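Analysis of the macromolecular model
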Amino acid sequence: MDGTPSPQLRLLGQFRLEFGTESVELGRNGQRLLAFLSLRERVPRTVLAGTLWPEVTEEHARGSLRTTLWKLPRGELQLVRCCGDVLLVTPALRVDVHALTRTALSVVTGCGPPPYRHPPLGLLTGEDLLPGWDEDWVLSERERLRQLRLHALDSLAEALIEQDRAALAMEAAWAGIRAEPLRESAHRAVVSAHLAEGNVCEALRHYAAFRDLLNDELGVEPSPLFTRLLAERLPPRAAAGRHERIPGPTA
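Read on for a plain summary of the structure. Treat the numbers as computed from the prediction; the structure is a model and nothing was measured. (Residues numbered from 1 in each chain as written. Predicted model: local features only at pLDDT ≥ 70, side-chain atom pairs only at ≥ 80, totals over all residues. Heavy atoms only, no water.)

Okay, the pattern of salt bridges next. Where charged atoms from two side chains of opposite charge approach closely, those side chains can pair. Counted by the stated rule, this structure contains eight salt bridges. The residue Arg183 makes a salt bridge to Asp154 at a minimum N-O spacing of 2.9 Å. Taken together, the residues Arg183 in the loop between helix H7 (166-179) and helix H8 (184-196) and Asp154 in helix H6 (residues 136-162) connect sequence positions 29 residues apart. In this structure Asp154 comes out as buried when scored by relative accessible area, which is 10%. Connected through salt bridges with shared partners, the residues Glu143, Arg146 and Glu180 form a single ionic network. (Salt bridge = Lys/Arg side-chain N within 4 Å of Asp/Glu carboxyl O. Helix = DSSP H or I, 4+ residues; strand = E, 2+ residues; numbered from the N terminus. Buried < 20%, exposed > 50% of the residue type's maximum accessible area, 1.4 Å probe, protein only.)

Structure, rendered in structure tokens:
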């Protein structure tokens, strides 16, 4: 198998299976099978068949599974392996979702390589998992990854502010806002980045815009944490007139 390129499976965006520079075409069932196995890593045959073909009998579902497995590409490297009644993808298969998960978790847990010489903004702001696929197992995994990305972007923005890299922090924060416009933690990061650069007017303007958005959409005010953060970090002259712009911090 020397010289054989490692297969890559791309599930962020449209489904793509690649061997080196060559794309491999799979039928719809083959795509679903490989995507499900790659996300779960090890799956009993019965669970796999029942998930991918939920509206037919167990016998029919297992038959469809056997047919789909038989139609997978055959070569020196088997994409799917059998271990008793369990199916799993070959460890040689590189899956972009796993790279995203590892990166996001390292950022959230603070185990990344500070001071982020090359912040992983590209990976954290990429495409969603298999857009257009509407099966329950895809929807739940898509939402899990979305939440993980949002938390990673929050953490990355905070870390970059601490490193005096406000412009990059702003990029991370705005990526979170684009994904979820009402996400307060992302808006707090934008305000913190403005204040870190001494842009008090822009910080106040962003806070006011977010307060109006929350009021229009949900009929609520920003959290006491947000108002307290802003009030405590305003310069003395701005703080003296803050009650004209924001409510004072609550206990």
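Below, the discussion takes up the environment of Ala99. Topologically, Ala99 is positioned in helix H4 (residues 96-108). With a relative accessible area of 27%, Ala99 lands in the partly exposed category. Considered as a pair, Ala99 and Leu123 are 24 residues apart in the sequence and their alpha carbons are 8.6 Å apart.

With that settled, consider the pairing of strand E6 (residues 86-89). As judged from the three bridges shared by strand E4 (residues 42-44) and E6, these two strands associate in the antiparallel manner. Bridge pairing links Pro44 to Val86 in E6. Pairing of strand E5 (residues 80-83) with E6 involves four bridges; the strand directions are antiparallel. Bridge assignment links Cys82 to a residue of E6, and that residue is Leu87. Taking the residues between adjacent antiparallel strands as the criterion, E5 and E6 are bridged by two residues, where Gly84 takes a positive phi near 70 degrees. (Pairing = 2+ DSSP bridges.)

Function cannot be inferred from these measures alone, as they are strictly geometric.
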